Protein chains: 2
Amino acid sequence: MTTTRERIIKASSALFMERGYSASGLKQISAASEAPIGSLYHFFPGGKEELAAETLRESGAAYQSLVEAIFDSAPDVVTGVRDCFEGAAATLRATDYADACPIATVALEVASSDDALRAVTAATFASWLDSCSARLERGGMEPSRARTLATVLIAALEGGFLLSRAAKDTTAMDEIGAVMVELTEAAVREAAVRARQR
Amino acid sequence: MTTTRERIIKASSALFMERGYSASGLKQISAASEAPIGSLYHFFPGGKEELAAETLRESGAAYQSLVEAIFDSAPDVVTGVRDCFEGAAATLRATDYADACPIATVALEVASSDDALRAVTAATFASWLDSCSARLERGGMEPSRARTLATVLIAALEGGFLLSRAAKDTTAMDEIGAVMVELTEAAVREAAVRARQR
DNA sequence: GTCTATAGCTTGATAGAC
DNA sequence: GTCTATCAAGCTATAGAC
């Protein structure tokens with residue numbers, strides 16, 4: 001059973017992903033979630049900004065869980081990276097390029113104009129970075145190397161979403177994913193050499 | 001001497017970069033450019049969408065020229081890549097994280113909701129890709145390899161803008177730039193080996 | 001070409017019945 | 001908690017004087 005609150009978050013997440021923060025009106029969110037405006041203000045007394053903050057937090061965490069599930073069901077980190085990029089490309093194609101990063105559009109919109117929401121996006125990206133970094137370390141990489149590679153992987157995924165959505169074509173995401181797989185392979189090899197020397 | 005039209009484009013470019021398309025009202029653009037609303041509709045009879053299309057085209061081309069100038073004044077492609085990422089990070093810090101990619105925010109906003117503007121962003125990214133790819137080929141890379149690396153470099157730069165603006169910290173851009181330099185070095189080495197074998 | 005006034009609509013937010 | 005009616009303010013766009 002889905003609560004009214006859940007429907008509101010889900011609807012605003014979908015709209016934020018598709019058109020961003022400013023273009024998503026509360027009336028549209030109300031209509032899409034089949035919840036009256038009053039309920040919206042009941043659950044989020046702080047209005048649009050509070051709703052957005054909560055949506056960013058929850059959809060960011062949900063996306064992290066999704067990617068972790070894909071990554072963790074792979075036999076090794078290289079396969080995990082490949083599966084994540086291939087999954088992102090497949091999802092783009094399957095949803096007519098609507099289903100991408102749940103927070104990137106809003107993050108760019110608010111970065112210079114709404115510091116409270118900017119901080120929420122920063123915290124979400126930091127959490128993704130920790131999660132990705134920890135998984136690369138499990139693959140044998142040194143912590144600082146894992147962190148740098150994780151930063152590159154997330155940036156590349158975001159850049160891939162941007163280029164592929166603009167082009168309505170996943171060629172960019174496909175090529176970026178292939179290079180990220182190579183990069184991860186090289187880091188794993190390097191880690192193995194280090195381990196042998198120890 | 002700057003024309004009214006130029007001032008309008010410049011003002012809307014700055015606002016689009018900072019807050020995106022939907023949050024930038026024509027009144028704000030009018031005020032920032034010190035041009036009355038009437039002039040706005042005189043130069044762009046198609047209204048906000050036409051102004052946005054022209055702004056994306058011109059600011060996208062200007063940014064391409066800027067990056068080309070940095071890249072072309074470097075002694076080799078590896079240094080060129082390094083200079084571009086370091087320049088992007090320095091500009092972010094110098095402008096309090098406002099001056100980043102002139103089209104990315106709008107590109108994400110309109111990707112699923114305004115096909116005319118989406119096509120303009122796609123064409124701009126395609127032009128950047130051609131420009132970057134041609135320069136990597138000059139460094140000796142095979143065309144298909146150059147194209148893939150160019151795609152990764154642009155995506156990484158965009159991802160770096162996103163993460164660094166959200167964090168108000170260029171650590172992400174710095175680390176991403178360093179990895180892109182390594183990646184370019186490897187591609188140059190590979191190209192040199194290929195050339196020797198020929 | 002420049003500028004002002006305003007129409008017509010949509011927005012975020014609130015009040016109050018139920 | 002749910003829902004509707006409504007407000008003030010903002011928006012894009014247009015008309016028309018100069």
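Everything in this summary refers to the structure shown in the same document. (Residues numbered from 1 in each chain as written. Chains lettered and ligands numbered in written order. Predicted model: local features only at pLDDT ≥ 70, side-chain atom pairs only at ≥ 80, totals over all residues. Heavy atoms only, no water.)

1. Quick look at the protein's contact with DNA strand C
Around DNA strand C sit 16 residues, and of these Leu26, Lys27, Tyr41 and Lys48 of chain A together with Pro36 of chain B come closest. Within 4 Å of the protein, the atoms of DNA strand C are drawn from sugar and phosphate moieties in a proportion of 59%. A distance of 2.6 Å separates a phosphate oxygen of DNA strand C from a polar backbone atom of Leu26 of chain A. A distance of 3.5 Å separates a phosphate oxygen of DNA strand C from a polar atom in the side chain of Thr4 of chain B. Mapped onto the surface near DNA strand C, the elements with two or more residues apiece are helix H2 (26-33), helix H3 (37-43) and helix H4 (47-72) of chain A together with helix H3 (37-43) of chain B. No other element matches the five residues that H3 of chain B contributes to the surface near DNA strand C. Across the surface near DNA strand C, the residue classes tally to six nonpolar, eight polar and two charged. (Near = heavy atom within 4 Å. Polar contact = N/O pair within 3.5 Å; in protein donor to acceptor, adjacent residues only side chain to side chain. Helix = DSSP H or I, 4+ residues; strand = E, 2+ residues; numbered from the N terminus. Nonpolar A, V, L, I, M, F, W, Y, C, P; charged D, E, K, R; others polar.)

2. Regarding the protein's contact with DNA strand D
What surrounds DNA strand D is a group of 16 residues, the closest being Pro36 of chain A together with Leu26, Gln28, Tyr41 and Lys48 of chain B. In DNA strand D, atoms within 4 Å of the protein come 63% from sugar and phosphate. Within the contact set of DNA strand D, a phosphate oxygen lies 3.4 Å away from a side-chain nitrogen or oxygen of Gln28 of chain B. Residue Tyr41 of chain B places a side-chain N or O atom 2.8 Å away from a phosphate oxygen belonging to DNA strand D. Listed by contribution, the elements that provide at least two residues to the surface near DNA strand D are H3 of chain A together with helix H2 (26-33) and H3 of chain B.

3. Focus on the pattern of salt bridges
Residues and elements named next belong to chain A. Considering all chains together, one arrives at 24 salt bridges over all chains under this definition. Taking the shortest distance from any N to any O, the salt bridge between Asp174 and Arg93 comes out at 3.9 Å. Within this pair, whereas Asp174 is found in helix H9 (residues 171-197), its partner Arg93 is found in helix H5 (residues 77-94), the two being separated by 81 residues in sequence. Overall, Asp174 belongs to the partly exposed group, its relative accessible area being 39%. Arg118 is the salt-bridge partner of Asp115, the closest N and O atoms lying 2.8 Å from each other. With Asp115 and Arg118 both in helix H7 (residues 115-138) and three residues apart, this pair spans about one turn of that helix. Overall, Asp115 belongs to the partly exposed group, its relative accessible area being 47%. Here Arg118 falls in the buried class, since its relative accessible area comes to 12%. Each of Arg5, Glu54, Arg57 and Glu58 takes part in a single network of salt bridges with overlapping partners. (Salt bridge = Lys/Arg side-chain N within 4 Å of Asp/Glu carboxyl O. Buried < 20%, exposed > 50% of the residue type's maximum accessible area, 1.4 Å probe, protein only.)

4. Regarding the packing of helix H1 (residues 4-19) of chain B against helix H4 (residues 48-72) of chain B
All names here are of chain B. Where H1 meets H4, the axes come as close as 9 Å, and the angle between the chain directions of the two elements is 85°. Classed by the angle they form, the pair H1 and H4 counts as roughly perpendicular. Residues Arg5, Ile8, Ile9, Ser12, Ser13 and Phe16 of H1 pack against Leu51, Ala52, Glu54, Thr55, Glu58 and Ser59 of H4. (Axes fitted to C-alpha atoms, helices over the stretch in contact; angles between N-to-C directions. Parallel < 35°, antiparallel > 145°, perpendicular 65-115°, else oblique. Contact = heavy atoms within 4.5 Å.)

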